[in-house]
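Working through the structure, step by step
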Amino acid sequence: MADIVVIAKMREIMSRILREIIKEGEKVGLKINENKTKLMRVGGKRKEDKSIKMGNFKFDEVDKFRYLGIMISNDGSRDLEIKEKMMAANTACYANKNLLKNKDINKKTKIKIYNILIRPVIMYDNVQEGRGKSKNTNNE
């Protein structure tokens with residue numbers, strides 16, 4: 001079955017949506033992979049049992065997950081994603097540090113190295129910016 005994101009505030013709504021997905025998927029021969037399917041509730045109080053049982057299936061509830069390259073969390077923040085992007089940018093810079101400091105490589109080539117190997121890592125978060133909100137920006 002294709003990737004589907006189900007995010008709900010209440011377990012009852014999540015269960016109802018999931019039951020419908022299972023029912024409609026079976027009609028066309030699609031099966032849900034219990035191990036790959038995770039559920040997330042946004043806001044609300046958490047119960048100790050972080051799974052939902054439905055027929056033969058048991059689905060785990062998570063506080064965060066990655067979907068299409070974006071870290072989604074149950075509190076709506078993007079802090080973890082921003083930290084990951086910063087770490088990726090630092091890694092890209094560090095991995096190319098010797099090339100950028102090499103005196104035998106001219107400035108034009110260093111700019112090309114930056115534009116091809118480092119800048120895309122740094123700018124990737126800006127491309128994703130419209131897809132979520134961050135506590136650290138004015139998007140709230």
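Residues numbered from 1 in each chain as written. Predicted model: local features only at pLDDT ≥ 70, side-chain atom pairs only at ≥ 80, totals over all residues. Heavy atoms only, no water.

Regarding the nonpolar core
Note the cut-off: Nine residue types can take part in a nonpolar core, namely buried Ala, Val, Leu, Ile, Met, Phe, Trp, Tyr and Cys, and a core is a set of them joined through side-chain atoms within 4.5 Å. Only protein chains enter the accessibility calculation, which uses a 1.4 Å probe; a residue whose area is less than 20% of its type maximum is buried, one above 50% is exposed, and one in between is partly exposed. Helix and strand definitions here come from DSSP, where helices need a minimum of 4 consecutive H or I residues and strands a minimum of 2 consecutive E residues; each element is numbered from the N-terminal end.
Val6, Ala8, Met14, Leu18, Ile21, Ile22, Ile32, Leu39, Ile52, Met54 and Phe59 form the largest nonpolar core, which has 11 residues in total. Elements with a minimum of two residues in this core: helix H1 (11-27) and strand E3 (51-54). Broken down by element, this core gets its largest block of residues, four residues, from H1.

Observations regarding a nonpolar patch on the surface
Definition in use: For patch building, the residue pool is restricted to those with more than 30% relative accessible area and no salt bridge; the joining distance is 9 Å between like charges and 5 Å between nonpolar side chains (Val, Leu, Ile, Met, Phe, Trp, Tyr). Exposure was quantified through the Shrake-Rupley algorithm and a 1.4 Å probe, taking into account, for residues, occlusion by the shown protein chains and nothing else. We define a salt bridge as a side-chain nitrogen of Lys or Arg found within 4 Å of a carboxyl oxygen belonging to Asp or Glu.
Taken together, the side chains of Val5, Ile7 and Val42 define a hydrophobic patch exposed on the protein surface, amounting to about 180 Å² of accessible area. Within the fold, Val5 resides in the segment before strand E1 (7-8).

Here's the deal with the side chain of Ser15
Worth spelling out the cut-off: Only heavy atoms matter for contacts: two residues are in contact if any of them lie within 4.5 Å across the pair.
Among the secondary structure elements, Ser15 is positioned in helix H1. Filtering out sequence-adjacent residues up to four positions away, Ser15 remains in contact with Ile52 and Met54.

Notes on the sheet that holds strand E4 (residues 57-61)
Note the threshold: Strands pair, by our definition, only if DSSP identifies at least two bridges between them.
An order of E1-E2-E4-E3 is seen for the four strands of this open sheet, with the pairing classed as mixed. At either end of the open sheet lies a strand with only one pairing partner, and these are E1 and E3. Bridging between E3 and E4 involves four bridges; their strand directions are antiparallel. Each residue of the ladder has a partner; that of Ile52, found in E4, is Phe59.

Quick look at H1
Quick reminder of the rule: By this rule the span expected of a helix is its residue count minus one, scaled by 1.5 Å. As used here, the arc is the angular range of directions from the helix axis to the C-beta atoms.
The end-to-end C-alpha separation of H1 is 24 Å, in line with the 24 Å expected for 17 residues at 1.5 Å each. For H1, every residue scored as buried is listed here: Arg11, Met14, Ser15, Leu18, Ile21, Ile22 and Gly25. Taken around the axis of H1, the buried residues stretch over an arc of 125°, which confines them to a single face. Among the exposed residues of H1, those oriented more than 90 degrees off its buried face are Glu12, Arg16 and Lys27. Contacts made by the buried residues of H1 are with E1, strand E2 (38-41), E3 and E4.

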